[in-house]
Amino acid sequence: MEHQRSVSGLSQSPRSPSSQPYLSVSVTDPVKLGNGVQAYISYRVITKTNFPDYQGPEKIVIRRYSDFIWLRDRLFDKYKGIFIPPLPEKSAVEKFRFSAEFIEMRRQALDVFVNRIASHNLLQQSEDLRTFLQADEETMERLRSYETGIFKKKPADLMQIFKDVQSKVSDVVLGKEKPVEESNPEYEKLKHYVFELENHLAEAQKHAYRLVKRHRELGQSLSDFGKATKLLGACEGQALGKAFSDLGAKSEALSVKLQKEAHQLLMSFEEPLKDYVRAVQSIKATIGERANAFRQQCELAETMKLKEINLDKLMLTRSDRVGEAEHEYKELKAASEEATRRFETIVRLMNEEIVRFQEQKTQDMGIAFHEFAKGQARLANNVADAWRSLLPKLEACSSA
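Residues numbered from 1 in each chain as written. Predicted model: local features only at pLDDT ≥ 70, side-chain atom pairs only at ≥ 80, totals over all residues. Heavy atoms only, no water.

An unreviewed UniProt entry lists the chain under the name PX domain-containing protein, with Hibiscus sabdariffa given as the organism.

Evaluated as defined, the whole model comprises 9 aromatic pairs. Plain terms: the ring middles of Phe-68 and Phe-132 are 4.9 Å apart, the flat faces sit at 65 degrees to each other, and that makes the pair edge-to-face. You can see Phe-68 sitting in helix H1 (residues 65-78) and its partner Phe-132 sitting in helix H3 (residues 127-134), a full 64 residues away along the chain. For Phe-68, a relative accessible area of 0% translates into the label buried. When the centroid spacing of 5.4 Å and the interplanar angle of 55 degrees are considered together, the rings of Phe-294 and Phe-343 count as tilted. On the criterion of sequence distance, the pair formed by Phe-294 in helix H7 (residues 238-316) and Phe-343 in helix H8 (residues 322-399) is long-range, its members being 49 residues apart. The exposure classification of Phe-294 matches that of Phe-343, with both residues buried. A network of ring pairs unites the aromatic residues Tyr-43, Phe-68, Phe-113 and Phe-132 as a single cluster. (Phe/Tyr/Trp six-rings, centres within 6.5 Å; stacked < 30°, edge-to-face > 60°. Helix = DSSP H or I, 4+ residues; strand = E, 2+ residues; numbered from the N terminus. Buried < 20%, exposed > 50% of the residue type's maximum accessible area, 1.4 Å probe, protein only.)

Our focus in this paragraph is the sheet that holds strand S2 (residues 40-49). Overall, antiparallel pairing links the 3 strands, which are arranged S1-S2-S3 in an open sheet. Each edge of the open sheet carries a strand with a single partner, namely strand S1 (23-33) and strand S3 (58-64). Direction aside, the axes of adjacent strands within the sheet are offset by 20 degrees on average. Both S2 and S3 contribute to a ladder of 7 bridges, which runs antiparallel. Bridging across to S3, Ile-46 finds its partner in Ile-60. Helix-sheet contacts for H3 involve S1, S2 and S3, and the interaxial angle to S3 is about 90 degrees. (Pairing = 2+ DSSP bridges. Axes fitted to C-alpha atoms, helices over the stretch in contact; angles between N-to-C directions. Contact = heavy atoms within 4.5 Å.)

What follows is the structure in structure tokens.
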């Protein structure tokens, strides 16, 4: 059962008489369209809201993965300093692209992505979000084509942006200039936290993957064992044959439970961990944007100093270029002030974002680990009950 999501983060029905603003989105009904390399999955995106800027209380549109990329890239371009929620990656293996499990994982991740945007106090006001949630498919296709056309840059890969900016910031010209980098203890602490968090999350996700794999392998082994035991039972006498047959049937039933638990473990434990690995990469991309803004601010401030010195010289020599130099200096000063404001805005937003991120992470990881523990307890009880029910029959055979 899907939960209604609202801007307050609390469950609330769109039919509620309360005047509390809400914006809830559901990504549902994945459908495969097209064939071969042209095949893709479309999703039904259902929006329920009482926001005045929206067309009505409910809107249903059809979107594909590239539309979600369009939204992510637009937000990343416009909202510097905000951690834009990550998107699930594409499947690198062709045969898994349209498996039922991969499609459901993708649908769940896209649902989380768009609801994180819809619940963010700044991103929820985005015109691009309104377009994504309301525009017809032809409009979205036109916008998507315009953004990815031959004269437009390719949609941004967040990690690549981070690497590119990091590389630029660290450039040393002729081996003489020091890299233009921000020296701020709090900022250094933030970067250390982000990189450490990424390592620990990636390690936890790797072991969660192994747990899923182990459950599936054990489930398959129990299934194979169950079949073999039932065949063995068919060759034995009545009492022993019946016991072996029951043992085989119980093994096959437990195999189904293990496979089901493996799927639950994947969806409610491994996937949330993987989503937070991606979220940290988005934070690193924002760190890259901050480094870029700091570098631009420093370069403009340095250039402005040189222009000011040049202007003073021209004024002393009563040069006829004073007017032109004054105009250039004023333009440069305005650009420098704008760059400073841009950098300070990114710093302010990042300070707010990291607090919000940590609060959300605590909540989401708490839910994920709670679901993990519940699932393991449920499975252990099922396994224990199943084997315990067989003990009298097997004991009777062994004592006969």
